Amino acid sequence: MADLDEFQLLERAINIFQEQFESEASYAACAPGRVNLIGEHTDYNDGFVFPIAIPQVTMVVGRPNSDQMIRVFTAVTEVDHPFLVRFPVPTATSKLAPGSPTWANYVKGVVSLYPGTLSGFDMVIVSSVPLGGGLSSSASLEVATFTLMQSMFPCQVSDKEKALICQKAEHTFAGMPCGIMDQFISSMGSKDHALLIDCESMESKQVQLRLPRQSLLIINCNVKHQLSGSEYPSRRQSCIDAASLLQVKSLRYADQTMLEAHKNDMSDETYRRSRHVISEIERTREAVIAFENGDLAKFGKLMVASHNSLRDDFEVSCPELDSLVEIAMSVSGVYGSRMTGGGFGGCTITLCETSSLEQLMAEVKQRYDGTATFIHASAAAGAHSIVLPNQD
Ligand code: GLA
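Cut-offs and rules
- Residues numbered from 1 in each chain as written.
- Predicted model: local features only at pLDDT ≥ 70, side-chain atom pairs only at ≥ 80, totals over all residues.
- Heavy atoms only, no water.
- Buried < 20%, exposed > 50% of the residue type's maximum accessible area, 1.4 Å probe, protein only.
- Helix = DSSP H or I, 4+ residues; strand = E, 2+ residues; numbered from the N terminus.
- Pairing = 2+ DSSP bridges.
- Axes fitted to C-alpha atoms, helices over the stretch in contact; angles between N-to-C directions.
- Parallel < 35°, antiparallel > 145°, perpendicular 65-115°, else oblique.
- Left-handed = near helix turned anticlockwise from the far one by under 90°.
- Contact = heavy atoms within 4.5 Å.
- Nonpolar A, V, L, I, M, F, W, Y, C, P; charged D, E, K, R; others polar.

## As for the pairing of strand S7 (residues 193–198)
Burial analysis of S7 places six of its six residues in the buried class, the great majority of the element. The alternating pattern of S7 places His193, Leu195 and Ile197 and Ala194, Leu196 and Asp198 on opposite faces, both of which are buried. Examined bridge by bridge, strand S2 (residues 48–49) and S7 share two bridges and lie antiparallel to one another. Looking at the pairing, Phe48 lines up with Asp198 of S7. Taking the residues that link successive antiparallel strands as the turn, the S7-strand S8 (residues 203–208) hairpin has four residues, and the phi of Met202 there is positive, at about 60°.

## Some remarks on the environment of Ser94
In this fold, Ser94 is placed in the loop between strand S5 (84–88) and helix H2 (103–113). For the pair Ser94 and Ser112, spaced 18 residues apart in sequence, the C-alpha separation works out to 11 Å.

## Structural notes on the packing of helix H10 (residues 319–329) against helix H11 (residues 357–367)
Running from N to C, H10 and H11 cross one another at 135°; their axes reach a closest spacing of 9 Å. Classed by the angle they form, the pair H10 and H11 counts as oblique. In this structure, H10 meets H11 at a crossing whose hand is right-handed. Residues Leu324, Ile327 and Ala328 of H10 touch H11, and the partners they reach there are Leu360, Glu363, Val364 and Arg367. In terms of residue class, the contact of H10 with H11 is made up of five nonpolar, no polar and two charged.

Below, the structure is given as structure tokens:
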């Protein structure tokens, strides 16, 4: 479904709904995936991130029912079985718990934390966001579900609160202690703009993507290393430990001099992880200024520095991502390239002259030791509901 546009996805979702539930969907909503241009593993350190929402979305359609049951069907076939789940509307005395299939936990989490008054509904999920590709397929499902529920069971919630509730759903129902970046950009992305997000204040600034002769290319290495699952939480913990050792609220308030002064009080691993975060927060600030000034050469250099720091200090890259960055950087007209998202597989993002795109893709096809796929990235709008003709 990766190639379908929003309209085609909607049509597909409506047809599937009819087949599954033998009635017509009356509400629809969608929420985008994202690609982060720079600022990786900084969000849970109160730092800065600089993502765009992408045109790939999770689309959900639904219809309230009258039996206090929630039925959800997913047409995303890469997930675990079964594709249809049913569970009761949670109440004060009967709460929902995460379980199997795991894809449904994102929906259950959002349903459980929804601040409005719910009743039963049926829902279908379709998506063009590649799963497990580091483009926030899970955040887009959470935010799309929330947005659909807002149309069916209205309640006053700001977009920031929505992002925070969806983040909490991911923490409590998917067991992933993520930062706020993915849910924030999926809720609040802006067409033709990247967002500089201050993850402490949750304020953001729109930066126009002025790329008249340049392009952003996402390259999916199509590998997801199944590690122990504790890599992300363990890095998050190292950052918390380092901040407490340096006696600051978060690594946002630490600098290189403070870190050097305490180098001998921490493990080499904690030192290097902290060095990544401190330098990445600084790089993100600098990169955004360079971008605003149209200094793409500098922006590109900072992208590569970010990649190297993620590879060597934070240790979240992998040979496939390193190879894609290396190949990209050997092509003339490429400004910069880096891994994007949590790491250990997924995608890179490359900024290049549009005239170099063909060459770049040809080099990757020829030299990458695997099968890479390409997505031309543009900045799309955040989550929105779609009015269907038969909406009540
Ligand atoms: C994942 C998390 C985000 C962020 C990135 C790394 O995508 O969901 O909150 O921490 O990793 O920048």
